[in-house]
Amino acid sequence: MGKWIRLLRPKQYLKNAFVFAALVFSDSFRDLRLDGLTVLAFVAMCLTSSATYIVNDAIDVERDRNHPTKKNRPLAAGLISIKSALLLAAILLAIGLSIAAWLNTPSLLILLGYLLLQVLYNWKIKMEPVADVFTIAIGFVLRAVLGAAAIVVPISGWLLFCSGSIALMLGFAKRRHEFILQGAVSRESLNRYNKQVLDAFLLMSASGASMFYAIYSLQSRTAEKYHLLPITVPFVIYGIARYLFLSFTRDEGGEPADLILSDPHIIFAIVGFVLSSLWLFTNPTFHLIER
């Protein structure tokens, strides 16, 4: 079963944690019904994203065979036939869309929009520098929007900007890693990138993510209710700074999920952020008095 599990890329499900943003920051997580709906939205996104990963691997199988690490993927290594993989992708996609349709129409439309984005990315956009990474970032934003749509709550624009900027940071760090590792061999878009511009884009997006979350912690509905929300900001900035440190000093970032799950400092930042947020949201002492 190992090869089939690797085909699904479960490590990438970490990206789908953005689905839970609306549940936590709208202060809705005390409602078990909304918790269940968000989990279903997460499952729908995981199944759908796995389907797209399988299709992407099938499309890029020849290119992956010439890549130093991607050559070990199940399709590139010949461990699973392309026909069997595409059949599995179709099944996953059908289940994922069915779950989204059961949630509500907006959730289904968002998931269909995510799929359309993936089609456009593989058809043309992945060959265009900057546009390729921005398309990936939009996919992250759609994950956060899906979480809000599933439980029918509004989500702050600042939080969406922060999500998009973090996605840009991860995307440009990955492009930088690929450029240093293989140059233009691994992707067409890398023909028009260079290390200096990738460094600049990486710093720009990381700065944006830090700034947008800091503003969110001060200028959002959640911030109006929880006046100590800024205590979560240091964890966000520390995690981002650590990711930049590893990207620049060790040229890491090729697989964001591997880097995040293996670095104790980033794990500390994530755990600290989650625990401080939950502590703040569940302790009535830190609510502002309603006027």
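About the criteria used
- Residues numbered from 1 in each chain as written.
- Predicted model: local features only at pLDDT ≥ 70, side-chain atom pairs only at ≥ 80, totals over all residues.
- Heavy atoms only, no water.
- Patch = residues over 30% accessible without salt bridge, like charges linked within 9 Å, V, L, I, M, F, W, Y side chains within 5 Å.
- Areas by Shrake-Rupley, 256 points an atom, 1.4 Å probe, with all protein chains shown as cover.
- Salt bridge = Lys/Arg side-chain N within 4 Å of Asp/Glu carboxyl O.
- Helix = DSSP H or I, 4+ residues; strand = E, 2+ residues; numbered from the N terminus.
- Axes fitted to C-alpha atoms, helices over the stretch in contact; angles between N-to-C directions.
- Parallel < 35°, antiparallel > 145°, perpendicular 65-115°, else oblique.
- Left-handed = near helix turned anticlockwise from the far one by under 90°.
- Contact = heavy atoms within 4.5 Å.
- Nonpolar A, V, L, I, M, F, W, Y, C, P; charged D, E, K, R; others polar.
- Phe/Tyr/Trp six-rings, centres within 6.5 Å; stacked < 30°, edge-to-face > 60°.
- Lys NZ or Arg CZ within 6 Å of the ring centre and 35° of its normal.
- Buried < 20%, exposed > 50% of the residue type's maximum accessible area, 1.4 Å probe, protein only.
- Core = buried A, V, L, I, M, F, W, Y, C linked by side-chain atoms within 4.5 Å.

Novice: Just give me the short version of a nonpolar patch on the surface, but keep the residues and values in it.
Specialist: There is a patch of nonpolar side chains on the surface, built from Val55, Ile59, Ile82 and Leu86 and spanning about 300 Å² of accessible area. Sorting the residues of the nonpolar patch by element identifies helix 3 (32-59) and helix 5 (82-103) as the ones contributing at least two each.

Novice: Got a sec to walk through the packing of helix 7 (residues 131-151) against helix 8 (residues 157-182)? Specific residues and values, please.
Specialist: Across the interface, helix 7 lies against helix 8 with an axial gap of 8 Å and an inter-helix angle of 140°. Compared by their axis directions, helix 7 and helix 8 come out oblique. Every pair of crossing elements has a handedness; the one defined by helix 7 and helix 8 is right-handed. Note on element contacts: helix 8 touches helix 7 through Leu160, Ser163, Gly164, Ala167, Leu168, Leu170, Gly171, Phe172 and Arg175, opposite Asp132, Val133, Phe134, Ile136, Ala137, Phe140, Val141, Ala144 and Val145. Residue classes in the contact of helix 7 with helix 8 are distributed as 13 nonpolar, 3 polar and 2 charged.

Novice: Please give an account of the packing of aromatic side chains that cites residues and values.
Specialist: Any pair of aromatic rings gets described here by the distance separating the centres and the angle formed by the planes. Applying the stated rule across the entire model yields 15 aromatic pairs. Grouping aromatic residues by their ring pairs yields a cluster made of Phe25, Phe29, Tyr213, Tyr216, Tyr226, Phe273 and Phe281. Positioned above the aromatic ring of phenylalanine 140 is the side chain of arginine 143, whose terminal nitrogen or guanidinium carbon lies 5.2 Å from the ring centre.

Novice: Tell me about the pattern of salt bridges, and please be specific about residues and values.
Specialist: On inspection of all chains with the given rule, the structure shows 10 salt bridges. Linking glutamate 128 and arginine 192 is a salt bridge whose minimum nitrogen-to-oxygen distance equals 3.6 Å. Linking glutamate 128 in the loop between helix 6 (105-123) and helix 7 with arginine 192 in the loop between helix 8 and helix 9 (195-218), this pair joins segments that are 64 residues apart in sequence. The class for arginine 192 is exposed, based on a relative accessible area of 53%.

Novice: Provide a residue-level description of the nonpolar core, including the pertinent values.
Specialist: Of all hydrophobic cores here, the largest spans 74 residues; its most connected members are Phe25, Tyr213 and Tyr243. If we skip the residues at most four places from it in the chain, phenylalanine 25 touches Leu159, Tyr213, Tyr216, Thr222, Phe273 and Phe281.

Novice: Give a description of the environment of isoleucine 260 that names residues and reports values.
Specialist: Mapped onto the fold, isoleucine 260 is located in helix 12 (residues 256-262). Take isoleucine 260: its relative accessible area is 14%, and that puts it in the buried class. Taking C-alpha positions, isoleucine 260 is 21 Å from leucine 278, a pair spaced 18 residues apart along the chain. Setting aside its immediate chain neighbours within four residues, isoleucine 260 contacts Leu14, Tyr243, Ile266, Ile267 and Ile270.

Novice: Go over the environment of valine 236 with me, naming the residues and quoting the values.
Specialist: The topology assignment puts valine 236 in helix 11 (residues 233-249). Sequence-wise, valine 236 and lysine 70 are 166 residues apart; in three dimensions their C-alpha atoms are separated by 30 Å.

Novice: Explain the side chain of threonine 135 to me, and be specific about the residues and the numbers.
Specialist: By the secondary structure assignment, threonine 135 is in helix 7. For threonine 135, a relative accessible area of 7% translates into the label buried. Excluding residues within four positions of it along the chain, threonine 135 makes contact with Leu117, Tyr121 and Ile125.

Novice: Give me the lowdown on unusual backbone geometry, citing residues and values where you can.
Specialist: Residue valine 130 is not a glycine yet carries a positive backbone phi of 70°. Counting through the fold element by element, valine 130 comes out in the loop between helix 6 and helix 7. The phi dihedral of valine 152 is positive, around 55°, even though this residue is not glycine. Position of valine 152 among the secondary structure elements: in the loop between helix 7 and helix 8.

Novice: Help me get a handle on the packing of helix 6 against helix 7, residues and values and all.
Specialist: Relative to each other, helix 6 and helix 7 sit at 170°, their axes nearing to 9 Å. Taken as axis vectors, helix 6 and helix 7 run roughly antiparallel relative to one another. Contacts from Pro106, Ser107, Ile110, Leu111, Gly113, Tyr114, Leu117 and Tyr121 of helix 6 reach helix 7 at Asp132, Thr135, Ile136, Ile138, Gly139, Leu142, Arg143, Val145, Leu146, Ala149 and Ala150. Residue composition of the contact of helix 6 with helix 7, by class: 13 nonpolar, 4 polar and 2 charged.

Novice: Let's hear about the environment of phenylalanine 273: which residues, and what values?
Specialist: Residue placement: phenylalanine 273 occurs in helix 13 (residues 264-282). Along the backbone, phenylalanine 273 and aspartate 60 are 213 residues apart, and their C-alpha atoms lie at a distance of 37 Å. Not counting the four nearest positions on each side in its chain, phenylalanine 273 is found in contact with Phe25, Tyr213, Thr232, Phe235 and Val236.

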